[in-house]
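# Structural characterization, general
One letter stands for each residue in the lines below.
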Amino acid sequence: MRIELATQPGDLRHPNEDFASVALPASGKGGALVLLDGVTPPPSGDTGCAHGVPWFTARLGGALLELAVSERELSLAGCLSRAISRTAEAHRGTCDLGHRRTPQATAVVVRWDEVRVEYLVLSDSALLVESADGAVTAVLDDRIERLRALGPVTDAARNAEGGFFTAAADPAVAGRAVTGALARAEVRALAALTDGAGRWVEAFREGDWPDCLAVLAKEGPQALIDRVRAVEEGARGERLGKRHDDAAAVYVEL
């Protein structure tokens, strides 16, 4: 088994809001990975929370990994729901968890054993799955992209019916995630990417998802992030709303 991960803040003057971690073994068998992309607060900084997004992703990510590893009887959606509840309770007494921009994150969770591979994707981080025959499938929650095709995406669509969903303070959003399971024998490799790393495909069109997985397999996650940064420094990077974004990638060969 080969496991590599890398993460880099978009701005060295600010904390990295991404979270990436892998645990082996999970309840004595297999493993689990968790990748979160914390949602950057608005320019005003108004989130109703005294703690901030890095605090939130560390709490949520730590709880989610622990549950995915130790509570195998729970589905991944159940693990996410319980992790959201646990994190909300940690600051309910000091913060306005009803605020639409309360700290929140995208999520990718994968758990595997000798029989199957379970996965969960919520919001715009990506999961890539390479099958035993080398085919690569991108597992995506495309609700934001579908909304963008209709016009600007506003905060009114955040965690709202007909909009898109992130892991924030409501454990019920776990039921909105894209979930599934595959036979372990059908999976050769996995990769999880926050959108800061996925820009290489989605924003810059430097390659497609199979090309992206090939870079990760040959050169590793840091090399992919370095490629993203190089493109961001050029003219195409100037057209982005946020020139540099926190980026994280996890690559696992089973």
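To keep things clear, this report deals only with the structure shown in the data block. (Residues numbered from 1 in each chain as written. Predicted model: local features only at pLDDT ≥ 70, side-chain atom pairs only at ≥ 80, totals over all residues. Heavy atoms only, no water.)

As a further point, take the overall build of the protein. Of regular secondary structure, the protein possesses seven helices and ten strands. In terms of overall dimensions, the protein is globule-like: its C-alpha atoms have a radius of gyration of 17 Å, near the 18 Å expected for 254 residues. Counting over 254 residues, the protein shows a buried share of 50%. When contacts within the protein are restricted to residue pairs at least 6 apart in sequence, those whose partners lie at least 24 apart make up 70%. (Helix = DSSP H or I, 4+ residues; strand = E, 2+ residues; numbered from the N terminus. Rg over C-alpha atoms; globule rule 2.2 N^0.38 Å. Buried < 20%, exposed > 50% of the residue type's maximum accessible area, 1.4 Å probe, protein only. Contact = heavy atoms within 4.5 Å.)

Relative to the assigned elements, Arg101 resides in the loop between helix H2 (76-91) and strand E4 (105-112). Polar side-chain contacts of Arg101 include one of 2.6 Å to the backbone oxygen of Thr40. (Polar contact = N/O pair within 3.5 Å; in protein donor to acceptor, adjacent residues only side chain to side chain.)

Turning to the packing of helix H1 (residues 53-70) against H2, a few remarks are in order. The relative placement of two packed helices is expressed as an angle between their axes plus a distance between the axes. Where H1 meets H2, the axes come as close as 8 Å, and the angle between the chain directions of the two elements is 140°. Taken together, H1 and H2 sit at an angle that is classed as oblique. When you trace H1 past H2, the crossing you get is right-handed. Contacts from Trp55, Phe56, Arg59, Leu60, Ala63, Leu64, Glu66, Leu67 and Ala68 of H1 reach H2 at Leu76, Cys79, Leu80, Arg82, Ala83, Ile84, Arg86, Thr87, Ala90 and His91. Residues of the contact of H1 with H2, tallied by class, amount to 13 nonpolar, two polar and four charged. (Axes fitted to C-alpha atoms, helices over the stretch in contact; angles between N-to-C directions. Parallel < 35°, antiparallel > 145°, perpendicular 65-115°, else oblique. Left-handed = near helix turned anticlockwise from the far one by under 90°. Nonpolar A, V, L, I, M, F, W, Y, C, P; charged D, E, K, R; others polar.)

So, on to the packing of helix H5 (residues 209-219) against helix H6 (residues 221-232). Packing of H5 against H6 brings their axes to within 7 Å, and their N-to-C directions diverge by 125°. Judged by the inter-axis angle, H5 sits oblique to H6. Across the interface between the two elements, Cys212, Val215, Leu216 and Glu219 from H5 touch Pro221, Ala223, Leu224 and Arg227 from H6.

On to the pattern of salt bridges, then. One pass over the structure, following the stated rule, counts 18 salt bridges. Note that Glu161 and Arg176 form a salt bridge whose closest N and O atoms lie 2.6 Å from each other. Here Arg176 lies in the loop between helix H3 (143-148) and strand E8 (178-183) and Glu161 lies in the loop between H3 and E8, a separation of 15 residues in the sequence. Here the salt bridges do not stand alone but share partners, grouping Arg2, Glu4 and Glu253 into one network. (Salt bridge = Lys/Arg side-chain N within 4 Å of Asp/Glu carboxyl O.)

With that out of the way, let us pick up H6. Over its twelve residues, H6 extends 17 Å from the first C-alpha to the last, a length consistent with the 16 Å expected when each residue adds 1.5 Å. Looking only at H6, the buried set comprises Pro221, Ala223, Leu224, Ile225, Val228, Arg229, Val231 and Glu232. (Expected span 1.5 Å × (residues − 1).)

Let us now look at the sheet that holds strand E5 (residues 116-122). The strand order across the open sheet built from five strands is E2-E3-E4-E5-E8, with neighbouring strands paired in antiparallel fashion. Whereas interior strands pair on both sides, the edge strands pair on one side only; in this sheet they are strand E2 (18-23) and E8. Between one strand and the next, the sheet's axes are offset by a mean angle of 5°, whatever the strand orientation. Sheet analysis places strand E3 (residues 31-38) next to E4, joined by eight bridges and oriented antiparallel. By the bridge assignment, Gly31 is partnered in E4 with Trp112. Across the face of the sheet, H2 comes into contact with E4 and E5 while running at roughly 45° to E5. (Pairing = 2+ DSSP bridges.)

A few words on H5. Within H5 the residues assigned to the buried category are Trp209, Cys212, Leu213, Val215 and Leu216. Buried residues of H5, seen end-on, are gathered within an arc of 155° and therefore sit on one face of the element. Of the residues flanking the start of H5, the one acting as N-cap is Asp208, its side-chain oxygen 2.9 Å from the backbone nitrogen of Asp211. Once H5 ends, the next one or two residues include Gly220, with phi positive near 95°. (Arc of directions from axis to C-beta.)

Here we come to the sheet that holds strand E7 (residues 136-140). Taken in spatial order, the five strands line up as E1-E10-E9-E6-E7 in an open sheet, and their pairing is antiparallel. For this open sheet the edge positions go to strand E1 (2-8) and E7, each flanked by a neighbour on one side alone. The average angle at which neighbouring strand axes cross in this sheet is 15°, direction not considered. Along the sheet, H6 makes contact with E1, strand E9 (187-193) and strand E10 (247-253), crossing E1 at roughly 30°.

Our next topic: the nonpolar core. Ranked by size, the top nonpolar core spans 30 residues in total, and within it Leu36, Leu64, Leu80, Leu120 and Leu122 carry the most contacts. Here the element with the most residues in this core is H1; it accounts for eight residues. For Leu120, the contacting residues outside a window of four places in its chain are Leu76, Ala77, Leu80, Ala107, Val108, Val109, Ala177, Val178 and Thr179. (Core = buried A, V, L, I, M, F, W, Y, C linked by side-chain atoms within 4.5 Å.)

The next point concerns the pairing of E5. Counting buried positions over the seven residues of E5 gives six, a clear majority of the element. The pairing of E4 with E5 spans six bridges and is classified as antiparallel. Across the sheet, Arg111 pairs through a bridge with Glu118, a residue of E5. Linking E4 to E5, which pair antiparallel, is a turn of three residues.

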